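Geometric and topological summary
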Amino acid sequence: MPEELKTKAIVVRAVPYHETDMIVTLVSPEYGKLTATARGCLKPKAKLRYAAEPMNFGDYLLGGKNGRYIIADCSQIESFSSITTDIDRYYAASLTLEVLAKLTLDQPEPALFVDALSTLHDLAYSDKDTDEVVTDFLLAVLRDNGSDLDFAHCNVCKCDLLGDAFFDIADGIVCAHCKNFGAVLIDAVSRAYLSGENRNISHELKARANMLVADILYNILGTRIGSHYFAEQL
Ligand SMILES: [Zn+2]
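Residues numbered from 1 in each chain as written. Predicted model: local features only at pLDDT ≥ 70, side-chain atom pairs only at ≥ 80, totals over all residues. Heavy atoms only, no water.

1. So, the coordination of the zinc ion
Taken together, Cys154 (SG), Cys157 (SG), Cys175 (SG) and Cys178 (SG) make up the full set of protein donors to the zinc ion, lying 2.2 to 2.4 Å away. Angles of 102 to 116° at the metal separate the four donor atoms of the zinc ion, which places the site in the tetrahedral class. All donors of the zinc ion belong to a single chain; written as a sequence motif, their spacing is C-x2-C-x17-C-x2-C. Taken together, the positions of cysteine 157 in the loop between helix H3 (130–144) and strand S6 (165–168) and cysteine 178 in the loop between strand S7 (172–174) and strand S8 (184–186) put the pair 21 residues apart, joining distant regions of the chain. (Donors = N, O, S within 2.8 Å, 3.2 Å for Na, K, Ca; no water. Tetrahedral: all angles 85-135°; square planar, octahedral: opposite > 155°, others 65-115°. Helix = DSSP H or I, 4+ residues; strand = E, 2+ residues; numbered from the N terminus.)

2. Quick notes on the sheet that holds S6
Taken together, the three strands give an open sheet; going across it, the order is S7-S6-S8, and neighbouring strands pair in antiparallel fashion. Pairing within the sheet leaves two strands with one partner each, and these edge strands are S7 and S8. Direction aside, the axes of adjacent strands within the sheet are offset by 30° on average. Note that S6 and S7 share three bridges and pair antiparallel. Among the inter-strand pairings, aspartate 168 is bridged to a residue of S7, identified as glycine 172. Docked against the sheet, helix H5 (residues 203–221) engages S6, S7 and S8, running at close to 145° with respect to S8. (Pairing = 2+ DSSP bridges. Axes fitted to C-alpha atoms, helices over the stretch in contact; angles between N-to-C directions. Contact = heavy atoms within 4.5 Å.)

3. Describing the environment of glycine 63
In this structure, glycine 63 sits in strand S4 (residues 57–65). For the pair glycine 63 and glutamate 3, spaced 60 residues apart in the sequence, the C-alpha separation amounts to 5.9 Å. Other than its neighbours up to four places away in sequence, glycine 63 contacts Glu3, Arg68, Tyr69, Ile70 and Ala72.

4. Re the pairing of strand S5 (residues 68–78)
Bridging between strand S3 (residues 32–38) and S5 involves two bridges; their strand directions are parallel. Looking across to S5, one finds that threonine 37 is bridged to isoleucine 70. Taken together, the nine bridges between S4 and S5 define a ladder with antiparallel strand orientation. What sits directly across from tyrosine 60, in S5, is cysteine 74.

5. Focus: the packing of aromatic side chains
Inspection of every chain in the model, using the stated rule, returns four aromatic pairs. Summarising the aromatic geometry, the rings of phenylalanine 80 and tyrosine 125 are spaced 6.3 Å apart at their centres and angled 45° between planes, so their arrangement reads as tilted. Residue phenylalanine 80 is located in the loop between S5 and helix H1 (87–103), and its partner tyrosine 125 is located in helix H2 (residues 110–125); the two are separated by 45 residues in the primary sequence. Residues tyrosine 90 and tyrosine 91 carry aromatic rings whose centres are separated by 6.2 Å and whose planes lie at 55° to one another, so their mutual orientation is tilted. A relative accessible area of 36% means that tyrosine 90 is categorised as partly exposed. The exposure class of tyrosine 91 is buried, given its relative accessible area of 15%. Above the face of the tyrosine 193 ring, arginine 199 is positioned so that its terminal group lies 5.0 Å from the ring centre. (Phe/Tyr/Trp six-rings, centres within 6.5 Å; stacked < 30°, edge-to-face > 60°. Buried < 20%, exposed > 50% of the residue type's maximum accessible area, 1.4 Å probe, protein only. Lys NZ or Arg CZ within 6 Å of the ring centre and 35° of its normal.)

These figures come from the coordinates and say nothing about function on their own.
Given below as structure tokens:
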């Protein structure tokens with residue numbers, strides 16, 4: 001049965017296929033992850049070349065059957081192309097697309113989609129610090145998945161966290177007294193940064209805090225993210 005599907009979507013991945021085609025992975029807020037062929041888009045002067053560019057955000061018209069789609073048309077909403085002129089912004093955007101791709105499965109994830117879109121917006125058009133944009137995105141992803149982590153208070157005894165804190169899957173963020181064996185250390189500097197008490201730290205320390213959040217995300221959601229991003233940062 002022929003189908004036609006119209007949806008807003010972001011390109012999270014594109015790989016060449018045959019001589020002039022691309023296989024494009026799209027994430028839609030309504031349909032989740034979709035795979036579509038962009039026919040002939042590698043030909044010179046191909047009209048829909050941009051529709052197969054990672055980060056492209058557009059209104060897509062897909063045709064096809066049995067879940068095998070072809071990009072019939074796309075009207076671009078944002079290319080976010082300014083991100084590609086700054087290597088740190090570019091790595092942060094790649095992490096954003098990776099998270100969006102890995103955490104969107106068959107089900108649509110509209111809250112994650114909105115967070116990813118606003119993160120790409122910040123990276124392209126705001127002067128917000130790149131590391132902090134990544135931090136805020138990762139914390140928002142956890143919040144969307146029901147883990148609104150409080151780095152200012154122990155989740156068990158409710159004391160104010162001042163120095164180091166600890167994370168484990170059963171209790172969340174806790175103080176030294178409440179921690180279980182095997183809990184992950186969140187050093188005092190990372191904790192104060194993640195709670196928002198002190199964001200005035202170096203790029204290296206922010207990257208370390210982001211890595212801790214990526215670890216927490218892995219513990220909670222079972223998805224490893226950002227290995228490429230973090231390899232470039234440290
Ligand atoms: Zn405690």
